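# Descriptive analysis of the structure
The chain contents come next:
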Amino acid sequence: MAVQAIYAPLVESTAVSFEVAVPSIDEMASRIADRQPAYPFLVAEWEESVVAYAYAGRFSGRAAYDWSVETSAYVSEHARHRGIGQALYAALLAILGEQGYRRAMAGIVLPNPASVALHNACGFTPVGVYEAVGWKLGAWHDVGWWQRGLATTDGPADPLVPLTGLPAGALEAAFEAGPATARRAALRRRDLLVAETSRPVRSPGDRGDC
Ligand SMILES: CC(C)(COP(=O)(O)OP(=O)(O)OC[C@H]1O[C@@H](n2cnc3c(N)ncnc32)[C@H](O)[C@@H]1OP(=O)(O)O)[C@@H](O)C(=O)NCCC(=O)NCCS
């Protein structure tokens, strides 16, 4: 599974993820399925291969946190710095807003200039740093937290909408939310939302917005 192949080297040889054992393909597949239909899990294709994914999940277990999510994105090394992460994140954040989620949080193991730049570019703001909070690969690591509003934060919390309950056209509209070249979503398999990005999604001078 392409998603597992993108994630495995980062688990094995970096502290980007605090997991220390590479999850199996079956484990990754069940993690994706378990998020459905409450949270989006998007992948991006480039030159007919899956090269990136972005997803959301619960921020915390207590019920009052139901409207908050934690988000993350991973791009294959050879496909980085082409706007793919930003295009996927833009779609992810737009879908989450449509579902009624209010706030997205992201924990970034520091230093990670690419992830910090991605989150800043997507409208996240830093909220603070947990110092020396994780031990991996023989060192203690800090985790910085970033947050971003999704939909209006006014008024009481409305019931959340599962992906399967979004109105027709909502996913397609979400994929128009990002950089101009992010293309429409297709529900390719039962549990997987696929963002098709058949060529580098960023052209020179096209910054895009999340
Ligand atoms: C972080 C990551 C997802 C970014 O994806 P990407 O597709 O390379 O990012 P994009 O090309 O969309 O760039 C998004 C922004 O980050 C900037 N950026 C990308 N790579 C960068 C780097 N190595 N250093 C500094 N800035 C960088 C881009 O310039 C852009 O900012 P801008 O719009 O202000 O110019 C990717 O580098 C990655 O998968 N890294 C390893 C896994 C990881 O760290 N995931 C995040 C976990 S919190």
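Quick look at the structure, then. Fair warning: this is a prediction, and the values are worked out from it, not measured in the lab.

Our focus in this paragraph is the overall build of the chain. If you tally the helices and strands in the chain, you get five helices and eight strands. Listed by position from the N terminus, the elements making up the chain come as α-α-β-β-β-α-β-α-β-β-α-β-β. Scored against the burial criterion, the 210 residues of the chain give a buried share of 31%. Looking at the chain alone, contacts between residues at least 24 apart form 64% of all its contacts between residues at least 6 apart.

Further remarks concern the nonpolar core. Ala52, Tyr53, Leu88, Ala91 and Leu92 are the most contacted members of the largest nonpolar core, which totals 43 residues. Looking at this core, the elements with two or more residues in it are α1 (2-13), β1 (41-46), β2 (49-58), β3 (68-75), α3 (84-99), β4 (103-110) and α5 (170-175). With 11 residues, the top contributor of residues to this core is α3. Those residues in contact with alanine 52, other than ones at most four positions away along the chain, are Val43, Ala44, Ala73, Tyr74, Val75, Ser76, Ala79, Ile84, Gly85 and Leu88.

To continue, consider α3. With 16 residues, α3 extends 23 Å from end C-alpha to end C-alpha; this agrees with the ideal 22 Å at 1.5 Å per step. Summarising burial for α3: 15 of the 16 residues are buried, a large majority. Directly beyond the C-terminal end of α3, a positive phi value near 100 degrees is found at glycine 100.

A word on the pairing of β1. Within β1, five of the six residues are buried, which leaves the element mostly enclosed by the surrounding structure. As defined by bridge partners, β1 adjoins β2 across six bridges and the pair is classed as antiparallel. By the bridge assignment, glutamate 45 is partnered in β2 with valine 50. Hairpin geometry of β1 and β2 is characterised by an intervening segment of two residues between the two adjacent antiparallel strands and by a positive phi of about 50 degrees at glutamate 47.

What counts, and at which threshold
Residues numbered from 1 in each chain as written. Predicted model: local features only at pLDDT ≥ 70, side-chain atom pairs only at ≥ 80, totals over all residues. Helix = DSSP H or I, 4+ residues; strand = E, 2+ residues; numbered from the N terminus. Buried ≥ 20, exposed ≤ 12 C-beta atoms within 10 Å, placed from the backbone. Contact = placed C-beta atoms within 7 Å. Core = buried A, V, L, I, M, F, W, Y, C linked by C-beta atoms within 7 Å. Expected span 1.5 Å × (residues − 1). Pairing = 2+ DSSP bridges.

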